[in-house]
Amino acid sequence: MKFKKMLALGLAGTMTAALLAGCSSSGNSTAASTDAAGDSAATSEAAPTAAGKVYYLNFKPEQDQQWQDLAAVYTEQTGVPVTVVTAASGEYETTLMSEMAKSDAPTLFQVNGPIGLANWKDYCYDLTGTPILGELTSDTYALKDGDATLGVGYVIESYGLITNKTLLEKAGYTIDDIKSFADLKKVAEDITARKDELGFAAFTSAGMDSSSDWRYKTHLANLPIYFEYKDEGINSTDAIKGTYLDNYKNIFDLYINNSTCAPTELAGKTADDSRNEFLANEAVFYQNGSWEYVNLTQDGTFTDDDLAMIPIYIGVGDEANQGLCTGTENYWCVNKEAPEEDIQATLDFIYWCVTSEEGTKAMADDMGFVIPFKGAQESTNLFVKEDQEMTAAGKVPVSWNFTTMPSENWKNNLGSALTAYAAGTGTWDDVVTAFVDGWATEAALNAG
Amino acid sequence: MEKAIKKYWPVFVLPTLLAFIIGFIWPFLWGIGLSFCQFTTVKNVTFVGIQNYIKIWADTTFLHAFWFTAAFTIVATVLINVLGFLLALLLTRHVKGTNVFRTVYFMPNLIGGVVLGYIWNTLLNGVLTLLEKPLLQLNATYGFWGLIILMCWQQIGYMMIIYIAGLQNVPPDLIEAARIDGATARQVLFRVKIPMVMPSITICTFLTLTNSFKLFDQNLSLTGGEPAKATQMLAYNIYDTFYARSGAQWKGIGQAKAVVFFLAVVVIALVQLRLTRSKEVQQ
Amino acid sequence: MQNSKTTRRVNTVISVVLSLLCLAYIYPIVLILLNSFKQERSITTTRVFELPTAESFVGLHNYIYGITSMDFLKSFWYSLFISVSSVVLILLCCSMCAWYITRVHGKLSTGMYYLCVFSMVVPFQMVMFTLAKTADTLKLNNPYNICIIYLGFGAGLAVFMFTGFMKSMPVEIEEAAMIDGCNPLQIFFRVVCPILKPTMISTAILETMWVWNDYLLPTLVLDIKSYRTIPMAIQYFRGSYGKVEMGPMMACIMLTVLPVVILYLICQKYIIEGVVAGAVKG
């Protein structure tokens with residue numbers, strides 16, 4: 001008897017859930033778009049059409065909804081089914097690997113630069129001669145392997161020091177006072193000296209948790225690499241010299257010694273902690289990128305008047321003309337193994353995204369992207385606008401050379417060394433070893 | 001009757017057998033085959049002999065994962081069983097509220113590994129921050145003990161239930177007789193109760209042993225193998241090699257690792273079976 | 001007299017200790033529950049232990065956001081459907097198979113039995129890639145037929161448990177039924193099934209716990225273009241660039257945990273008995 005009761009209970013639960021699921025899908029566009037894809041798959045089995053379909057494995061979870069919406073618009077206009085799937089954070093490579101093995105593999109995926117391309121180049125369709133390449137504003141955004149163009153950068157991002165102007169003024173400075181590393185150091189140390197009186201610190205915590213440490217092991221480490229490449233006149237290397245590692249140390253020291261918390265506590269801070277400190281007006285500077293704009297402004301905590309992004313000065317090169325760190329680590333690749341008509345459909349889709357009114361508008365306004373294509377629309381993203389203004393004023397953007405870092409392993413080892421250094425359990429020499437020797441080791445592994 | 005049933009084999013056995021072939025036998029054999037090959041998808045398979053098996057040992061993360069898993073398995077098995085047994089002893093004393101306690105202690109078992117990992121990640125990181133210590137993801141030692149705490153929290157209740165059943169099956173007369181013979185509480189415990197619940201102990205040890213050795217979900221969501229793969233256990237290491245490492249050689253190596261892992265589990269199971277058998281003969 | 005008094009005192013102490021332990025057991029879940037009502041900014045590593053305050057309390061906002069942004073109800077439905085269908089299928093097919101194995105002696109029976117025992121030992125990582133590929137080729141990659149994969153991979157334990165029980169079942173009743181003119185199918189459903197009920201329940205519980213909570217198998221096998229189960233959906237609260245939507249994530253964790261806990265409280269007797277029965281036979 002009791003068993004029957006349980007069964008009845010289960011059934012009742014099932015039915016309620018089914019009803020609820022029905023409600024949710026009718027009122028939700030994500031569900032609608034996936035449903036549409038499902039339906040089309042069903043119909044294509046019954047009657048194969050030559051139209052082809054698009055399956056985009058998206059990298060950025062923040063823009064998932066926007067891509068779903070854009071895909072729905074495209075499907076509505078052209079009848080071509082577009083499925084967008086977003087990989088969970090940190091799972092992109094895993095998901096891509098597992099999806100590529102399936103019969104219905106992604107037709108459009110992305111790699112993060114030359115190192116990422118090396119693994120997937122056997123799957124990349126050669127884009128040479130496709131219309132989308134003609135739309136690029138600069139050839140530097142085409143990812144090449146020999147003569148073949150295998151990837152195309154679709155979003156440009158910038159990072160630097162996000163500054164809370166209101167707090168900076170409270171401390172008696174403006175962003176015009178910071179034009180070099182020496183200025184930055186002076187301001188930061190002055191704020192630290194008056195920390196109790198002012199009620200805020202210079203920098204948000206440089207958290208070394210994996211959610212946050214990429215800001216230092218990857219983005220900050222880009223600067224010494226950039227200046228070294230510039231000196232040597234190269235684009236990548238198998239053996240980094242570490243010419244500017246002292247400057248790297250100086251800026252990192254500045255971050256950790258003028259922060260909201262003691263350097264020893266940094267190991268316990270996450271990306272969320274750092275952002276929340278900035279949102280709570282606990283610090284003036286926050287090293288991060290244009291993608292943070294939405295997070296900082298969405299609930300009205302800050303308006304454009306409160307914020308600015310200034311270059312990360314490390315005391316090298318022509319600081320007066322240094323711009324933000326601008327580049328891309330998001331390249332679209334088209335799957336060569338996909339059926340002919342799907343490849344064509346995919347090429348049409350990305351071309352439409354970067355040229356059509358709806359596409360460019362969605363990418364600029366909804367996703368907050370700046371796209372390196374001629375038809376790009378003005379972005380509402382403050383940091384992006386600042387980057388454009390600086391470039392227009394003759395400042396030279398720092399390119400993203402971290403895409404040439406030899407491996408994830410290299411970054412992780414550097415991150416561990418930085419963490420230990422900040423916590424006082426390791427020395428700067430260990431960081432140098434991880435940087436220079438680790439580079440050579442990992443580059444050798446890649447070659448063999 | 002046997003003959004009559006035999007005629008019905010397509011009804012009784014065939015569905016299970018077919019599913020078995022699809023879901024287990026074929027993938028298993030294919031998996032063994034692929035461990036001798038280099039491949040990224042099934043389209044580009046090339047035979048490379050035992051190279052993958054040789055390369056496993058050049059990958060330091062695998063050996064590290066092996067020892068990490070071994071250490072974890074031993075500590076977790078001992079802790080879970082000792083604590084589970086202790087709780088079972090206390091709960092068979094007719095203490096007030098026994099039912100409530102039993103219900104609560106068992107509950108964590110029903111929550112999935114991934115979810116549990118996130119719950120404990122939040123809690124433990126909060127505690128570590130209060131103590132001004134590095135987070136779980138940054139220190140392998142904390143990561144290790146975090147996993148142990150999580151496993152204990154999840155598994156103790158389950159083992160406790162089995163031990164309670166075992167203890168309740170000990171005839172009260174036997175204990176009474178021992179008491180009358182002047183046995184102390186300790187002697188009753190070690191000479192009467194523990195030998196009598198030996199079957200439960202065997203089962204629980206086996207369950208905790210295999211559960212800990214094959215642990216994946218909790219590992220993934222609690223530490224994610226951080227820092228720098230130092231808290232990666234075998235199952236996760238294989239998954240990571242297979243899906244997350246980029247480069248054509250890694251899939252074959254991952255599959256080879258899986259075969260080695262499988263053999264290790266078989267060895268544990270066989271040893272366990274042998275021990276169980278010998279105990280059963282004695283009784 | 002003296003003796004029972006000390007026993008009583010000791011028992012009181014034990015009661016207190018165990019009650020404290022109970023609190024420690026419930027605390028992690030309560031912590032998540034409390035945080036699920038807080039605004040995201042107040043769920044940092046330093047502030048997780050704070051109770052929601054007027055400033056940080058956001059009511060059901062996290063729940064609503066989590067449910068809508070992640071299509072949580074859909075995931076819930078898929079998880080539920082997969083669990084129910086897989087467990088029903090496993091119970092039906094495996095009990096039939098087990099009956100055949102115990103009643104018919106031959107190569108097929110012995111072969112199946114040892115295969116089942118063997119499959120219990122094999123770790124999932126051994127077959128994850130090939131299984132995913134097989135499921136993809138055969139189109140067993142949606143919530144409505146993934147139960148076949150679960151039957152294949154989960155048959156071992158179920159068959160093992162059923163045979164363990166059936167070995168002790170007297171054959172006489174079945175023989176009597178046969179003389180009365182029943183065919184084997186009728187015997188199985190009218191005679192064997194009712195006797196099997198306790199084992200059915202314990203097997204059902206063990207298998208449900210496995211399927212409902214399973215993460216890796218559906219992640220690799222399911223067609224992720226259209227379907228996500230709950231354990232998969234929860235992963236999606238972590239964004240790129242290190243942002244975790246803690247609030248909605250906690251809310252969804254609560255939504256995942258609560259039904260299970262409620263179901264457990266309602267039929268805990270069966271669950272605990274089932275576990276014991278399962279363990280004794282396993």
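None of the values given here were measured: they were computed from a predicted structure.

1. A short note on the overall build of chain B
Piece 1. The secondary structure content of chain B amounts to 14 helices and two strands.
Piece 2. Here the C-alpha coordinates of chain B stretch approximately 75 × 70 × 30 Å along the principal axes.
Piece 3. Within chain B, buried positions represent 47% of all 283 residues.
Piece 4. Look at the contacts in chain B between residues 6 or more apart in sequence, and 73% of them connect residues 24 or more apart.

2. Structural notes on the overall build of chain C
Piece 1. For chain C, the helix and strand inventory stands at 12 helices and zero strands.
Piece 2. Shown N-terminal to C-terminal, the secondary structure of chain C runs as helices and strands in the order α-α-α-α-α-α-α-α-α-α-α-α.
Piece 3. For chain C, whose C-alpha radius of gyration is 24 Å, the value lies well above the compact-globule estimate of 19 Å for 282 residues.
Piece 4. For chain C, the C-alpha atoms occupy an extent of roughly 75 × 75 × 35 Å along the three principal directions.
Piece 5. Across the 282 residues in chain C, those meeting the buried criterion constitute 53%.
Piece 6. The contacts of chain C with a sequence gap of at least 6 include a subset with a gap of at least 24, amounting to 74%.

3. Regarding the pairing of strand 1 (residues 54-58) of chain A
Residue and element names in this part refer to chain A.
Piece 1. For strand 1, the tally of buried residues reaches five of five residues, placing the bulk of the element in the interior.
Piece 2. Alternating residues of strand 1 divide into Val54, Tyr56 and Asn58 and Tyr55 and Leu57, and every residue in both groups is buried.
Piece 3. For strand 1 and strand 2 (residues 82-86), the ladder comprises five bridges, and the chain directions are parallel. Residue pairing across strands places tyrosine 55 opposite threonine 83, the latter belonging to strand 2.
Piece 4. For the handedness criterion, the β-α-β arrangement of strand 1, helix 3 (residues 64-78) and strand 2 is classed as right-handed.

4. Digging into the pairing of strand 10 (residues 322-327) of chain A
Residue and element names in this part refer to chain A.
Piece 1. With five of six residues buried, strand 10 is to be regarded as a mostly interior element.
Piece 2. Pairing of strand 10 with strand 12 (residues 396-398), which is carried by two bridges, proceeds in the parallel orientation. Residue pairing for strand 12: cysteine 325 is matched across the bridge by valine 398.

5. Quick word on the domain arrangement of chain C
Piece 1. Here chain C is partitioned into domain 1 (2-60) and domain 2 (71-236).
Piece 2. Each of domain 1 of chain C and domain 2 of chain C has a C-alpha centre, and these two points are 38 Å apart.

6. As for the packing of helix 15 (residues 340-355) of chain A against helix 16 (residues 357-366) of chain A
All names here are of chain A.
Piece 1. Where helix 15 meets helix 16, the closest approach of the two axes is 5 Å, and the angle between their N-to-C directions is 70°. Here helix 15 lies roughly perpendicular to helix 16, going by the angle between them. Here helix 15 contributes Trp352, Cys353, Val354 and Thr355 to the contact with helix 16, which in turn contributes Gly359, Thr360 and Met363.
Piece 2. Here the contact of helix 15 with helix 16 is built from residues that sort into four nonpolar, three polar and no charged.

7. Let's talk about unusual backbone geometry
Piece 1. Phi is positive for A:Asn281, which is not a glycine, with a value near 60°.
Piece 2. One can find A:Asn281 in the loop between helix 13 (271-279) and strand 8 (283-289).
Piece 3. The partly exposed category is assigned to A:Asn281, around which 16 C-beta atoms lie within 10 Å.
Piece 4. Phi at B:His94 is positive, roughly 60°, even though this residue is not glycine.
Piece 5. With respect to the secondary-structure elements, B:His94 resides in the loop between helix 5 (60-91) and helix 6 (98-106).

8. Quick word on the interface of chain C and chain B
Piece 1. Contacts between the two partners involve 69 residues from chain C, matched on the other side by 70 residues from chain B.
Piece 2. Counting residues per element, the side of chain C that touches chain B draws most heavily on helix 1 (residues 2-35) of chain C, which supplies 10 residues.
Piece 3. Looking at the side of chain C that touches chain B residue by residue, the class counts come to 52 nonpolar, 13 polar and four charged.

9. Details of the environment of C:Ala177
Residues and elements named next belong to chain C.
Piece 1. Locating alanine 177 in the fold gives a position in helix 7 (residues 172-179).
Piece 2. Owing to 19 C-beta atoms within 10 Å, alanine 177 belongs among the partly exposed residues under this scheme.
Piece 3. Sequence separation between alanine 177 and arginine 190 is 13 residues, and the spatial gap between their C-alpha atoms is 9.2 Å.

10. Some thoughts on the packing of helix 7 of chain C against helix 8 (residues 184-213) of chain C
Residue and element names in this part refer to chain C.
Piece 1. As a packed pair, helix 7 and helix 8 sit with axes 10 Å apart at the nearest point and diverge in direction by 140°. The angle between helix 7 and helix 8 falls in the class oblique. You can see that helix 7 and helix 8 cross each other, and the crossing is right-handed. Along the contact surface, helix 7 presents Ile173, Glu174, Ala177 and Met178, while helix 8 presents Ile187, Val191 and Val192.
Piece 2. Of the residues that constitute the contact of helix 7 with helix 8, the class distribution is six nonpolar, no polar and one charged.

11. Description of the nonpolar core
Piece 1. Grouped together as the largest cluster of nonpolar side chains are 285 residues, with contacts concentrated most on C:Ile90, C:Cys94, C:Cys97, C:Ile234 and C:Ile253.
Piece 2. Take this core: its biggest share by element is 19 residues, from helix 3 (residues 72-103) of chain C.
Piece 3. Among residues more than four places away in sequence, those in contact with C:Cys94 are B:Thr16, C:Ala155, C:Ala158, C:Val159 and C:Phe162.

12. What to know about the environment of B:Thr46
Piece 1. Of note, B:Thr46 is situated in strand 2 (residues 46-47).
Piece 2. With sequence-adjacent residues up to four places away left out, B:Thr46 is seen in contact with B:Cys37 and B:Gln38.

13. Focus on the environment of A:Asp246
Piece 1. Mapped onto the fold, A:Asp246 is located in helix 12 (residues 245-257).
Piece 2. Sequence-wise, A:Asp246 and A:Trp428 are 182 residues apart; in three dimensions their C-alpha atoms are separated by 9.5 Å.

14. What about the confidence of the model for chain B?
Caution applies to low-pLDDT regions: their predicted coordinates should not be interpreted in detail.
Piece 1. When the pLDDT values of chain B are averaged, the result is 85; 96% of them are 70 or greater.
Piece 2. Confidence scores differ between elements of chain B, with helix 1 (residues 2-7) of chain B showing the lowest mean pLDDT of 80 and helix 5 of chain B the highest of 92.

15. Points about the confidence of the model for chain C
Residue and element names in this part refer to chain C.
Piece 1. Mean pLDDT over chain C works out to 84, with 95% of the residues at or above the 70 mark.
Piece 2. When pLDDT is averaged over each element of chain C, helix 3 comes out on top at 91 and helix 12 (residues 268-281) at the bottom at 72.
Piece 3. Quick note on the complex model: pTM equals 0.81, ipTM equals 0.84.

Thresholds, definitions, all that
- Numbering of residues begins from 1 in every chain and follows the order in which that chain's sequence is written.
- Lettering for chains starts from A, numbering for ligands starts from 1, and both go in the order in which the items are written.
- In keeping with the predicted nature of the model, local features appear solely for residues at pLDDT of at least 70, side-chain atom pairs appear and are counted solely at 80 or more, and the whole-chain, interface and lining totals rest on all residues.
- Where helices and strands are cited, they refer to DSSP runs of H or I of at least four residues and of E of at least two residues respectively, numbered from the N terminus.
- For every residue, the other C-beta atoms within 10 Å of its own C-beta are counted; 20 or more classify it as buried, 12 or fewer as exposed, and values in between as partly exposed. C-beta atoms are placed from the backbone.
- Contact between two residues is assigned when their C-beta atoms, built from the backbone, lie within 7 Å.
- Throughout, radius of gyration means the C-alpha value; the globule benchmark is 2.2 Å times the number of residues raised to the power 0.38.
- Think of it this way: DSSP has to see at least two bridges between two strands before they count as a pair.
- Call a crossover right-handed when, viewed with both strands pointing away from you, the route from the first strand across the helix to the second goes clockwise.
- Segmentation into domains, and thus their bounds, comes from an automatic or database assignment.
- Lines fitted to C-alpha atoms define the axes, with helix axes restricted to the stretch in contact, and inter-axis angles between N-to-C directions lie between 0 and 180 degrees.
- To sort the angles, those under 35 degrees are grouped as roughly parallel, those over 145 as roughly antiparallel, those from 65 to 115 as roughly perpendicular, and the leftovers as oblique.
- In this classification, Asp, Glu, Lys and Arg are treated as charged, Ala, Val, Leu, Ile, Met, Phe, Trp, Tyr, Cys and Pro as nonpolar, and every other residue, Gly included, as polar.
- Working rule for handedness: look at the near helix, and if it is turned counterclockwise from the far one by less than a right angle, call the crossing left-handed; if clockwise, right-handed.
- Put simply, a nonpolar core is buried Ala, Val, Leu, Ile, Met, Phe, Trp, Tyr and Cys residues tied into one set by C-beta atoms within 7 Å.
- By definition, pLDDT measures how confident the predictor is in each residue, and it falls between 0 and 100.

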